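Each chain, letter by letter, is given below.
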Protein chains: 2
Amino acid sequence: MDIHQLRIFASVYRNRSFSKASEQLYISQPTISEHIKNLEKSLGCTLFDRLGRKIEPTSEADLIFPKALQLVEDLERINDLVLKSSQRVKGKLFIGASTIPGNYMLPVLAAKFRNKYPEVSFEIVIADTKIITDMLLNHEFFLGIVGASMEPRILNYEPFLDDELVFAGAPEFMENLTKSSVQIYQIPFLLREEGSGTRKTMEDFLHKMQIDLKKMNVVAILGSTDAIKQAIKVGLGTSILSRRAIAEELENGSLMEMKLSETMKRSFYLATHKKRTLPAQYKAFHDFLVAGSI
Amino acid sequence: MDIHQLRIFASVYRNRSFSKASEQLYISQPTISEHIKNLEKSLGCTLFDRLGRKIEPTSEADLIFPKALQLVEDLERINDLVLKSSQRVKGKLFIGASTIPGNYMLPVLAAKFRNKYPEVSFEIVIADTKIITDMLLNHEFFLGIVGASMEPRILNYEPFLDDELVFAGAPEFMENLTKSSVQIYQIPFLLREEGSGTRKTMEDFLHKMQIDLKKMNVVAILGSTDAIKQAIKVGLGTSILSRRAIAEELENGSLMEMKLSETMKRSFYLATHKKRTLPAQYKAFHDFLVAGSI
DNA sequence: TATTTCAAATAGGAAATAACTATCGAAAAT
DNA sequence: ATTTTCGATAGTTATTTCCTATTTGAAATA
């Protein structure tokens with residue numbers, strides 16, 4: 001049994017004629033005859049009594065006609081379903097992001113996106129660039145936002161909003177620092193753990209400035225930006241961290257920035273698997289982020 | 001788009017594998033590949049992301065899977081539908097019958113049949129054998145009960161219960177008749193109209209008895225058995241009519257039969273169109289009537 | 001890193017199916 | 001009686017489906 005047979009059956013039933021159906025479907029009349037014959041054979045019953053010039057549907061034909069019609073229409077609707085859904089932006093966005101984007105960039109962007117497409121919701125998993133990258137490789141996310149391009153052959157990377165690292169400390173601390181010109185290696189310094197993107201960027205910057213990290217006065221290594229932030233606030237030392245992470249504190253004066261001769265730019269990337277097809281809502285969010293980054 | 005593609009798609013989706021699906025459906029793996037490719041082409045979207053050793057359904061696949069499944073199952077259920085319905089005896093029986101069977105035979109038989117199959121209902125149209133025959137030829141009935149085989153090449157005729165015609169009149173009338181042996185051509189006689197089966201049978205009988213109808217004392221030609229019956233009762237004359245039609249009157253003495261040397265048998269026939277397929281309830285009733293006539 | 005293994009894609013060809021044209025035959029209309 | 005209409009049949013051709021054999025590419029393993 002085949003849907004094509006049902007399509008033909010429905011046309012014959014409606015037209016009460018094999019030849020009318022053949023005109024309607026642009027198929028020759030003998031082909032119609034054959035299909036009806038096969039359908040009758042597979043159902044084990046006669047569908048149309050051939051009465052010379054006329055045909056008359058049997059009660060079995062009356063019975064299956066509505067079902068056949070529904071099947072034919074449902075089949076056609078599958079196409080619409082795909083078309084519609086691919087235009088409709090809704091559903092959950094499960095996104096992996098490294099610390100800075102996840103904490104300080106995505107929330108704002110997600111809110112904006114939701115204004116445009118109220119039917120979406122977000123779940124943002126925050127982890128190392130390394131971990132997010134691995135999860136992308138394992139197809140646990142469609143979309144990641146990471147601080148470094150680690151697998152450019154497998155993943156697609158597109159530039160995202162930049163971040164800037166600033167050298168900051170508690171206000172009283174920083175004022176002292178500017179008055180008495182202290183050696184860089186004497187300043188108490190707080191570090192992120194290895195593997196953190198912020199740490200990596202900072203290292204690169206220090207390297208470029210020809211400062212040796214090993215000689216620095218590292219008073220603590222902490223596992224998150226927030227921990228660093230709290231430590232600085234209570235006067236434990238200074239650190240280099242994302243402007244976005246301490247924007248508020250810089251504003252209200254609870255933290256103070258020390259301008260350096262060079263700015264520490266850090267890029268983030270939208271990462272997707274080269275072989276995965278993005279569902280509509282991911283595609284839309286991806287495009288939204290790319291457009292916003294220009 | 002084809003249901004076969006959906007069947008294959010569903011299997012691939014469930015198995016999360018082209019080759020597992022190929023085992024399940026006893027189709028080679030390349031064929032599975034090709035069908036999925038074609039389905040993707042016709043839908044205009046990717047259904048499975050090929051990730052080397054694994055495949056992953058896209059959101060479009062998630063979307064259409066339940067629909068596909070339902071379509072495949074619905075299609076299979078059409079077969080069941082036909083099977084079930086052909087065993088189930090129910091629905092309306094629209095039957096054409098000539099006067100005697102329609103008035104005096106079918107009501108009893110219909111009641112018996114309904115005892116056996118309570119889901120049936122009857123609509124019995126009573127008309128001339130000629131009219132019922134024409135309606136059968138025009139496919140206005142599946143089943144007719146008529147008094148003569150008029151179109152044996154187009155309709156199937158099967159013997160049904162016989163009827164007997166009796167010569168009857170009002171009691172006082174008949175008693176006179178027996179006392180004073182009157183000439184047959186002097187008896188006041190009531191006739192049915194031409195075209196009536198009763199009339200035809202009677203004519204044949206008279207012909208066999210070598211009685212000339214034209215010489216008879218015809219006092220009225222009436223259009224129905226009941227009219228004849230009423231006319232006889234009020235003493236207008238005598239007539240020849242169905243024993244079944246006047247069984248009650250003969251019983252209670254309001255009419256009286258005069259036994260003749262020969263009985264006038266009349267056959268009835270179940271008539272069906274040779275080219276029509278009988279719906280289940282008609283088939284069942286037909287078989288019921290044939291069995292009862294033996 | 002190289003090798004093996006696994007799963008899907010591709011190529012090429014055979015079989016099955018669906019389609020066509022031409023024609024027949026039966027019933028209905030003229 | 002003749003023509004017209006409509007479905008069935010016969011005989012081919014085109015298309016589709018499906019197969020086997022092989023290749024490709026990614027993941028697992030040595």
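Participant: Even after reading the chapter, I still don't get the protein's contact with DNA strand D, so can you show me in this structure?
Facilitator: Surrounding DNA strand D, one finds 22 residues, the nearest of these being Ser19, Arg50 and Arg53 of chain A together with Ser28 and His35 of chain B. Taking the atoms of DNA strand D that fall within 4 Å of the protein, sugar and phosphate contribute 66% of them. Contact between DNA strand D and His35 of chain B: a phosphate oxygen at 2.4 Å from a side-chain N or O atom of the residue. For the surface near DNA strand D, the secondary structure elements donating two or more residues are helix H2 (18-25) and helix H3 (29-43) of chain A together with helix H3 (29-43) of chain B.

Participant: Quick question: what am I supposed to make of the interface of chain A and chain B here?
Facilitator: Reports often express the size of an interface as the amount of accessible area lost when the parts come together. Across the boundary between the two partners, chain A contributes 35 residues, which contact 36 residues of chain B. When the two sides are added together, the surface that chain A and chain B hide from each other amounts to roughly 3100 Å², 67% of it contributed by carbon and sulfur. Linking chain A with chain B are two salt bridges. Between Arg276 of chain A and Asp49 of chain B there is a salt bridge, with the nearest N and O atoms lying 2.8 Å from each other. Summed over the shared surface of chain A and chain B, the number is four residue pairs in polar contact (both at pLDDT 80 or more).

Participant: Just checking my understanding: could you explain unusual backbone geometry for this structure?
Facilitator: Keep in mind that most residues, glycine aside, have a negative phi and that most peptide bonds are trans. Backbone geometry at His139 of chain A places phi at a positive 60 degrees, although glycine is not the residue there. If you trace the backbone, His139 of chain A turns up in the loop between helix H6 (129-137) and strand E5 (143-146). Located in the positive-phi region is Gln210 of chain B, a residue other than glycine, with phi close to 60 degrees. Relative to the helices and strands, Gln210 of chain B is located in the loop between helix H8 (197-208) and strand E8 (217-222).

Each value, and the rule that gives it
Residues numbered from 1 in each chain as written. Chains lettered and ligands numbered in written order. Predicted model: local features only at pLDDT ≥ 70, side-chain atom pairs only at ≥ 80, totals over all residues. Heavy atoms only, no water. Near = heavy atom within 4 Å. Polar contact = N/O pair within 3.5 Å; in protein donor to acceptor, adjacent residues only side chain to side chain. Helix = DSSP H or I, 4+ residues; strand = E, 2+ residues; numbered from the N terminus. Contact = heavy atoms within 4.5 Å. Buried area = accessible area lost by both parts, 1.4 Å probe. Salt bridge = Lys/Arg side-chain N within 4 Å of Asp/Glu carboxyl O.

Read these as layout, nothing more, since geometry by itself doesn't imply function.
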